[in-house]
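# A closer look at the structure
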Amino acid sequence: YRALALDTALSTLAAVLVYVVVKVSVDGIRHWRARVSVLIVGSGPVGLTAALVAVRSGKVLKLTVLDERYRSSLLCRPQQIALDPRSVRFLLGLGVDFDNMEGCWHNEHFFTRIGVFQEYLLSILEQRKHKVDVKVQLGTKFSEEYVRRLPSTDWPQVIVVADGSCGDTCSVLGLSSDYTVESCQAYGANATIERLDQRQVPTPEIRAHSLFFDLSAYGVEALREHKSPSAKPGFHLKIYGTFRNRYMALVCPASDTKMVRFLRHTANASIMKNIFHQSFNVYKTDIEPRLSEVTLHQLQCSRRLFEVQLSHRTVSAAYITGDNVAVVVEGEAARVLSLDTCGVNLGLRGLESLGTFIYGMATAVDQSDVLEALSAKMSHSKQVSQDFKRTGLS
Ligand SMILES: Cc1cc2nc3c(=O)[nH]c(=O)nc-3n(C[C@H](O)[C@H](O)[C@H](O)COP(=O)(O)OP(=O)(O)OC[C@H]3O[C@@H](n4cnc5c(N)ncnc54)[C@H](O)[C@@H]3O)c2cc1C
């Protein structure tokens with residue numbers, strides 16, 4: 001009886017072992033072979049980086065990248081982008097070689113023009129064509145017409161919407177256009193200076209902190225205020241962009257000091273202009289020209305301080321059951337700041353979870369796996385906004 005029991009136990013164990021080994025191997029092979037087709041709408045810096053993430057995930061069979069703009073207008077934007085150390089590490093992990101990109105380093109940040117960055121990413125995608133079926137369709141708008149014309153066999157399983165702050169892809173797909181607007185507990189203002197006679201080469205940013213302005217000429221005796229130990233810290237100034245297209249951002253923590261109150265409500269637009277004018281001349285690099293009374297018209301700026309707010313899409317990921325497609329929203333289409341400031345790499349932060357999401361979608365067996373992948377993506381997206389609100393501006 002004992003020998004029979006032992007035999008039964010051993011054969012049950014062997015059967016279980018065989019089942020586990022077969023299951024693990026079959027699952028392993030299925031996971032290894034699993035591939036999805038991905039459509040990316042928008043070839044801005046975020047859409048093209050998303051394309052690189054998709055190609056590097058090893059789980060994409062076919063990748064289509066669209067942009068309504070043609071190549072020349074896509075790559076001609078004058079803005080400079082600043083990549084912070086975390087974004088640099090992320091891009092290095094995707095195979096970006098900064099030695100082969102026009103730009104400059106300063107304090108572990110990399111500065112380049114937005115068009116140079118996009119062009120570099122387009123060239124990498126071109127090189128990866130032998131590994132993945134990559135199609136870049138510039139001059140093609142994602143619209144109801146595009147959806148109607150797409151043969152059902154060409155429907156992707158994943159759509160990444162990276163169509164910027166003005167795109168309407170989400171509404172074409174039927175996603176809610178609700179945004180949650182949250183205060184960053186800061187006030188800010190922006191300025192731009194365009195000087196066509198200056199050079200357009202990547203230039204490091206300049207930062208200055210704890211600034212106070214003498215507004216006594218306007219009847220604000222604020223200087224006395226900041227000498228008290230309980231007073232809030234002053235303004236932070238950033239000058240960025242190329243010498244031809246200079247941008248400035250002025251930010252201070254939300255407070256109710258006399259100076260802040262005055263700058264929040266003044267109807268006199270020349271006050272902000274004076275502040276930016278004087279600040280630029282004090283903190284600019286030695287080799288660029290000063291702004292004089294004659295060239296002051298080249299400076300455009302906010303009329304007064306405004307509250308810095310982060311708007312983020314309430315629904316940043318969705319599953320369209322009829323079409324069996326998962327949609328994720330990235331970059332400025334997902335979250336946008338009311339202040340233009342250099343080096344805020346919110347879009348790239350969001351992409352840090354895209355590779356895992358594509359893997360999850362490719363290996364999903366049923367809808368609960370799909371929903372799990374979507375819910376992880378949505379919580380990461382929320383986390384990006386929360387982290388930014390806590391520490392982003394500082
Ligand atoms: C003055 C200024 C200075 C800035 N400076 C910096 C900086 O220093 N550092 C920094 O990191 N960022 C900077 N930015 C922000 C930067 O430009 C944006 O963060 C970045 O461009 C957002 O990238 P994106 O890919 O999400 O969107 P976008 O760059 O806006 O790209 C969206 C793309 O989608 C395309 N598109 C839209 N709708 C459709 C459709 N239906 N079908 C197909 N294609 C479509 C558009 O043509 C566009 O090319 C600055 C912005 C401004 C305005």
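Residues numbered from 1 in each chain as written. Predicted model: local features only at pLDDT ≥ 70, side-chain atom pairs only at ≥ 80, totals over all residues.

## Regarding the sheet that holds strand β2 (residues 60-67)
Read from one edge to the other, the open sheet built from 6 strands follows the order β6-β2-β1-β7-β15-β14, with strand pairing classed as mixed. Each edge of the sheet is formed by a strand with only one pairing partner; in this case those strands are β6 (133-138) and β14 (317-320). Ignoring which end each strand starts from, the neighbouring axes of this sheet average 15 degrees apart. In the sheet, strand β7 (residues 158-161) pairs with strand β15 (residues 325-329) via 4 bridges, with the strands oriented parallel. Counterpart to Ile159 in the pairing with β15 is Val327. Here helix α2 (residues 45-56) sits on the sheet and contacts β1 (36-41), β2, β6 and β7; the angle it forms with β2, its principal contact strand, is near 175 degrees. (Pairing = 2+ DSSP bridges. Helix = DSSP H or I, 4+ residues; strand = E, 2+ residues; numbered from the N terminus. Axes fitted to C-alpha atoms, helices over the stretch in contact; angles between N-to-C directions. Contact = placed C-beta atoms within 7 Å.)

## Observations concerning the packing of helix α12 (residues 354-363) against helix α13 (residues 367-392)
Closest axis-to-axis distance for the α12/α13 pair is 8 Å, and the angle between their directions is 170 degrees. Accordingly, the angle class assigned to the pair α12 and α13 is roughly antiparallel. Residues Phe357, Gly360 and Met361 of α12 form the contact with α13, whose participating residues are Asp369, Val370, Glu372, Ala373 and Lys377. Across the contact of α12 with α13, the residue classes tally to 4 nonpolar, 1 polar and 3 charged. (Parallel < 35°, antiparallel > 145°, perpendicular 65-115°, else oblique. Nonpolar A, V, L, I, M, F, W, Y, C, P; charged D, E, K, R; others polar.)

## Considering the nonpolar core
Among the nonpolar cores identified, the biggest contains 86 residues, and Val38, Ile40, Ala50, Ala51 and Ile358 are the most heavily contacted of them. Of the residues forming this core, the biggest block, 8 residues, is contributed by α2. When residues of this core are assigned to domains, at least three fall in each of domain 2 (36-178 + 316-392) and domain 3 (182-308). Residues within four places of Ile40 in sequence aside, it is in contact with Gly47, Ala50, Ala51, Val65, Leu66, Val160 and Ala162. (Core = buried A, V, L, I, M, F, W, Y, C linked by C-beta atoms within 7 Å. Buried ≥ 20, exposed ≤ 12 C-beta atoms within 10 Å, placed from the backbone. Domains from an automatic or database assignment.)

## Focus on the sheet that holds strand β3 (residues 80-83)
On the basis of which strands lie adjacent, the open sheet formed by 3 strands has the order β3-β5-β4 and antiparallel pairing. Of all strands in the sheet, those bounded by a partner on one side alone are β3 and β4 (104-106). Across the sheet, the axes of successive neighbouring strands diverge by a mean angle of 25 degrees, strand direction being ignored. As paired strands, β4 and strand β5 (residues 109-113) are joined by 3 bridges and run antiparallel to one another. In the sheet register, His106 faces β5, and the bridge partner there is His109.

## Some words on the UniProt feature "transmembrane region" (unreviewed entry) in the protein chain
Taking the numbering used here, the UniProt-annotated feature "transmembrane region" (unreviewed entry) corresponds to residues 6-24 and 36-55. Helix makes up 55% of residues 36-55 and strand 30%, and the two end C-alpha atoms of the span are 11 Å apart. (UniProt positions renumbered as here; feature names shortened; annotations may be inferred.)

## Digging into unusual backbone geometry
A positive phi angle, near 55 degrees, is found at Gln185, a position not held by glycine. In this fold, Gln185 is placed in strand β8 (residues 179-194). Accessibility expressed as a C-beta count within 10 Å gives 13 for Gln185, which makes it partly exposed. Of note in the backbone geometry, Ser210 takes a positive phi value of approximately 50 degrees without being a glycine. The residue Ser210 is located in strand β9 (residues 206-211) in this model.

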